[in-house]
Amino acid sequence: MKFTRPRQLVWQEIRRNPEAHQNAADIYLNLKKKGYKVSLATIYRTLNALVRTGLVRAEGLGEKHSHFEPEEPGEMHGHLICLGCGRVKEFDEPRLRKEIEAVGRRSGFRLEKFSLQVFGFCENCRRSRQEPTQ
């Protein structure tokens, strides 16, 4: 893949804050704020190319559009997604990872990566809904 200036800018934006799980529109607005002129169409094409090459992972996170994060070899984690505010928090639980690997082995499947999304309400949203914390 040819690493053009727009591709470099999109890649740097994703790497700058991987926990942000930016979507294409977020990346477009952030680059625009920094004074870069990259079209939204170019950003979509670049994101698709980065996903195809394995440099970036696309996650649905419960929405109709994808959010993007760097794809690190061997890194596996899940996402806790708040149904109230949309906040996304990454987690890595070694015991859960071992269980997922065991499920794969029992099925004759070698685990390379996984995507686990858990939906609920964060502490702030539970408080605002006046639900008891657990």
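Residues numbered from 1 in each chain as written. Predicted model: local features only at pLDDT ≥ 70, side-chain atom pairs only at ≥ 80, totals over all residues. Heavy atoms only, no water.

S.K.: I keep staring at the overall build of the protein and nothing clicks. Help me out?
M.R.: Along the protein, the regular secondary structure elements total five helices and five strands. Listing each helix as α and each strand as β along the protein from the N terminus yields α-α-α-β-β-β-β-α-β-α. Dimensions of the protein along its principal axes, counting C-alpha atoms only, are 45 × 45 × 25 Å. Per-residue burial for the protein yields a buried fraction of 30% across its 134 residues. Long-range pairs, those at least 24 residues apart, make up 49% of the contacts in the protein with a sequence separation of at least 6. Carbon and sulfur atoms make up 51% of the accessible area of the protein, which amounts to about 9000 Å² in all. (Helix = DSSP H or I, 4+ residues; strand = E, 2+ residues; numbered from the N terminus. Buried < 20%, exposed > 50% of the residue type's maximum accessible area, 1.4 Å probe, protein only. Contact = heavy atoms within 4.5 Å. Areas by Shrake-Rupley, 256 points an atom, 1.4 Å probe, with all protein chains shown as cover.)

S.K.: What is the right way to read the side chain of Glu59 from this model?
M.R.: Secondary-structure assignment places Glu59 in strand 1 (residues 56-59). On the basis of relative accessibility, which here comes to 2%, the residue Glu59 falls in the buried class. A distance of 3.4 Å separates polar atoms of two side chains, one belonging to Glu59 and the other to Arg57. Engagement of the side chain of Glu59 in a polar contact is seen with the side chain of Ser115, the distance being 2.8 Å. Once residues within four sequence positions are removed from consideration, Glu59 is found in contact with His65, Ser66, His67, Glu69, His79, Ser115 and Gln117. (Polar contact = N/O pair within 3.5 Å; in protein donor to acceptor, adjacent residues only side chain to side chain.)

S.K.: Explain the pattern of salt bridges to me, please; I cannot follow it from the model alone.
M.R.: Any two side chains of opposite charge can pair if their charged atoms end up close together. Under the defined criterion, the tally for this structure stands at nine salt bridges. Glu71 is the salt-bridge partner of Arg57, the closest N and O atoms lying 3.1 Å from each other. Placement of the pair is Arg57 in strand 1 and Glu71 in the loop between strand 2 (67-70) and strand 3 (78-82), with a sequence separation of 14 residues. Here Arg57 falls in the buried class, since its relative accessible area comes to 8%. Between Arg97 and Glu101 there is a salt bridge, with its nearest N and O atoms 3.6 Å apart. (Salt bridge = Lys/Arg side-chain N within 4 Å of Asp/Glu carboxyl O.)

S.K.: So what exactly am I meant to see when it comes to the packing of helix 2 (residues 24-33) against helix 3 (residues 40-53) here?
M.R.: Each pair of packed helices gets described by two things: the angle between the helix axes and the distance between those axes. Running from N to C, helix 2 and helix 3 point in directions that differ by 125°, and their axes come no closer than 10 Å. The angle between the axes of helix 2 and helix 3 places the two elements in the oblique class. Both helix 2 and helix 3 take part in a crossing whose hand is right-handed. Contacts between helix 2 and helix 3 involve Ala24, Ala25, Ile27, Tyr28 and Leu31 from the first element and Leu40, Ile43, Tyr44 and Leu47 from the second. (Axes fitted to C-alpha atoms, helices over the stretch in contact; angles between N-to-C directions. Parallel < 35°, antiparallel > 145°, perpendicular 65-115°, else oblique. Left-handed = near helix turned anticlockwise from the far one by under 90°.)

S.K.: Help me understand the environment of Phe119, please; the structure alone is not making it clear to me.
M.R.: Tracing the backbone through its elements, the reader meets Phe119 in strand 5 (residues 116-120). The spacing of Phe119 and Gly86 is 33 residues in sequence and 9.6 Å in space, taken between C-alpha atoms. The contact partners of Phe119, leaving out residues within four places of it in the chain, are Leu61, Gly62, Ile81 and Leu83.

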